[in-house]
Amino acid sequence: MHHGGYPHGGSSAFLLAQLGFTAARRFAERLAPLDLEPRHVGLLRVVAAAEGQSQQAIGERMRIAPSRMVAFVDDLEARGLVQRKRNPADRRAYALHLTERGRELLATALAEAATHDAEITAPLSEQERHSLHQLLTKLAEAHELDQHRLPGGPH
């Protein structure tokens, strides 16, 4: 039986929302033993890719309000994952760097992310996985989704 032109009565947007929610919940569960949340992994990834950039620049790139960014970095610094270093060119700015522990934990988290991705897409063939990724990328770009922004994270 078809409802509103969609098989199984569900729209693609609804299915994407359900899958997104399930994937996010499972990823959070996978990171819990590492005492990390997906938003921590997102920030560690961006800091690793933009080592030495200012806290403000990284916050702007991830669209995190400055006050939230301060609390966020305080948390990661207290755990020994990120270091703030004074920028010699601008004494008011802090450059962000990963610590050795931050680097190791990020590598572990990214390995977990790869396993998570493989599990979520396991029912698909290699070609289907490739096609799905291309289609999702096309939709994300069309809706101007930023890969550095944290889904459901602090804004």
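Refer to the structure presented above.
The residue numbering used here restarts from 1 in each chain and proceeds along that chain's sequence as written. Reporting in this predicted model follows two pLDDT cut-offs: at least 70 for local features of residues, and 80 or more for side-chain atom pairs to be given and counted; totals over whole chains, interfaces and linings ignore these cut-offs and use all residues. Only hydrogens and water are set aside; all other atoms, that is, all heavy atoms of the structure, feed into the side-chain values.

Draft legend 1. Focus on the pattern of salt bridges. A side-chain nitrogen of Lys or Arg and a carboxyl oxygen of Asp or Glu constitute a salt bridge if their distance falls within 4 Å. Using the criterion set out here, one finds 10 salt bridges in the structure. Two residues, Glu 29 and Arg 25, come together in a salt bridge whose shortest N-O distance is 3.3 Å. Of this pair, Glu 29 and Arg 25 are both found in helix α1 (residues 12–31), 4 residues apart, which corresponds to roughly one turn of the helix. Note on Arg 25: relative accessible area 38%, which makes it partly exposed. Here Glu 37 ties to Arg 39 by a salt bridge, and the two come within 2.7 Å at their closest N and O atoms. Here Arg 39 falls in the partly exposed class, since its relative accessible area comes to 26%. Going along the chain from the N terminus, every DSSP run of H or I of four or more residues is numbered as a helix, and every run of E of two or more is numbered as a strand. Each residue is assigned to one of three classes by its accessible area relative to the maximum for its type, calculated with a 1.4 Å probe on protein chains only: buried under 20%, partly exposed between the two thresholds, exposed over 50%.

Draft legend 2. View of the pairing of strand β4 (residues 90–98). Strands are labelled as partners when DSSP assigns at least two bridges between them. Of the pairings in the sheet, the one linking strand β3 (residues 82–87) to β4 comprises 6 bridges and is antiparallel in character. Of the residues in β4, the one forming a bridge with Gln 83 is His 97. Connecting the antiparallel pair β3 and β4 is a turn made up of 2 residues.

Draft legend 3. Focus on the packing of helix α2 (residues 38–49) against helix α4 (residues 66–78). Convention adopted: a line fitted to C-alpha atoms gives each axis, helices being fitted over their contacting stretch, and angles between N-to-C directions are expressed from 0 to 180 degrees. At their nearest, the axes of α2 and α4 sit 11 Å apart, and the two run at 90 degrees to each other. Taken as axis vectors, α2 and α4 run roughly perpendicular relative to one another. Between α2 and α4, the residues in contact are Arg 39, His 40, Leu 43 and Leu 44 and Met 69, Phe 72, Val 73, Asp 75 and Leu 76, respectively. Each residue is assigned to one of three groups, with Ala, Val, Leu, Ile, Met, Phe, Trp, Tyr, Cys and Pro labelled nonpolar, Asp, Glu, Lys and Arg labelled charged, and all others, Gly among them, labelled polar. Here the residues of the contact of α2 with α4 sort into 6 nonpolar, 1 polar and 2 charged. Each angle is binned into one of four classes, with values under 35 degrees roughly parallel, values over 145 roughly antiparallel, values of 65 to 115 roughly perpendicular, and all other values oblique. In this analysis, two residues are considered to be in contact whenever any of their non-hydrogen atoms come within 4.5 Å of each other.

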